[in-house]
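Topology and contacts: notes
Residue-level listing of the chains:
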Amino acid sequence: ISDETIDVIMSNCVINLSPDKERVYKEAFRVLKNGGRIFVADIVLAKELPDFIKNNTSAYIGCIAGALAKDEYLSIIRKAGFADVQILKETIFPIDFIISEDIKCNISKNTHSSIDLTKNIEDLQKSILSILVSAKKL
């Protein structure tokens, strides 16, 4: 795509699958016209995930394992040159979307009771956020 030819870019949870999110946002900035905007829905983290989730294929496919901390994610957008970076909506990501049998087994291995298991799953759910971000190229 040629430089400065696009008015709006929208993305729904695919940037998170890229191992080089900085490059994705730099390319988005390059192709946008001045005054152009991005609207991105993606998954970010409120706190770091345990290794057994970060290294889990199901969690990667589900956009979880590749997620960055929220502040780091927003910083990448700003570093690419975007201004007026705003979170338009933020919600806790539904745990049912990421709890595969292998993740349940790993959580169970690290708990000693059903109360601990429930707490670990609740903590995990509070760690994963879905955000809708807007930003513009000035």
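Located above this text is the structure these notes cover.
To start, this report covers the structure provided alongside it.

Rules behind the numbers
Residues numbered from 1 in each chain as written. Predicted model: local features only at pLDDT ≥ 70, side-chain atom pairs only at ≥ 80, totals over all residues. Heavy atoms only, no water. Salt bridge = Lys/Arg side-chain N within 4 Å of Asp/Glu carboxyl O. Helix = DSSP H or I, 4+ residues; strand = E, 2+ residues; numbered from the N terminus. Buried < 20%, exposed > 50% of the residue type's maximum accessible area, 1.4 Å probe, protein only. Contact = heavy atoms within 4.5 Å. Phe/Tyr/Trp six-rings, centres within 6.5 Å; stacked < 30°, edge-to-face > 60°. Lys NZ or Arg CZ within 6 Å of the ring centre and 35° of its normal.

1. Regarding the pattern of salt bridges
- Going through the model one piece at a time under the given rule, you end up with seven salt bridges.
- We note a salt bridge from arginine 30 to aspartate 3, for which the minimum N-O separation is 2.6 Å. Placement of arginine 30 in helix 1 (residues 21-31) and of aspartate 3 in the segment before strand 1 (6-12) is noted, with a sequence separation of 27 residues between them.
- On the basis of relative accessibility, which here comes to 26%, the residue arginine 30 falls in the partly exposed class.
- Here lysine 33 and aspartate 7 are joined by a salt bridge, their closest N and O atoms 3.3 Å apart. Of this pair, lysine 33 sits in strand 2 (residues 32-45) while aspartate 7 sits in strand 1; the two residues are 26 residues apart in sequence, bridging distant segments of the chain.
- For lysine 33, a relative accessible area of 34% corresponds to the partly exposed category.
- Taking relative accessible area as the criterion, aspartate 7 reaches 47% and is therefore assigned partly exposed.
- Connected through salt bridges with shared partners, the residues Asp3, Glu27 and Arg30 form a single ionic network.

2. Topic: the environment of alanine 69
- Structurally, the position occupied by alanine 69 is in strand 3 (residues 68-69).
- Between the alpha carbons of alanine 69 and leucine 49 there is a distance of 9.7 Å; along the sequence they are 20 residues apart.

3. Topic: the environment of valine 44
- Relative to the assigned elements, valine 44 resides in strand 2.
- A C-alpha to C-alpha distance of 8.4 Å links valine 44 and asparagine 16, two positions 28 residues apart in sequence.

4. A few points about the side chain of serine 11
- Among the secondary structure elements, serine 11 is positioned in strand 1.
- Discounting chain neighbours no more than four positions away, the residues touching serine 11 are Phe39, Val40 and Ala41.

5. With respect to the packing of aromatic side chains
- Tallied over the full model, the rule gives three aromatic pairs.
- On the basis of an interplanar angle of 90° and a centroid distance of 5.8 Å, the ring pair of tyrosine 25 and tyrosine 73 is categorised as edge-to-face. Pair noted here: tyrosine 25 is in helix 1 and tyrosine 73 is in helix 4 (residues 70-79), with a separation of 48 residues, a long-range link. Assigned by exposure class, tyrosine 25 and tyrosine 73 land together as buried.
- Ring centres of phenylalanine 29 and phenylalanine 82 lie 5.2 Å apart, and the angle between their planes is 90°; this geometry places the pair in the edge-to-face category. A residue pair is termed long-range when its members are at least 10 positions apart, and phenylalanine 29 in helix 1 and phenylalanine 82 in the loop between helix 4 and strand 4 (83-92) qualify at 53 residues.
- With relative accessibility at 5%, the residue phenylalanine 82 sits in the buried group.
- Within the aromatic cluster, the residues linked to one another by ring pairs are Tyr25, Phe29, Tyr73 and Phe82.
- The residue whose ring lies beneath lysine 137 is phenylalanine 29, and the NZ or CZ to ring-centre distance is 4.7 Å.

On their own, these measurements won't tell you what the molecule is for.
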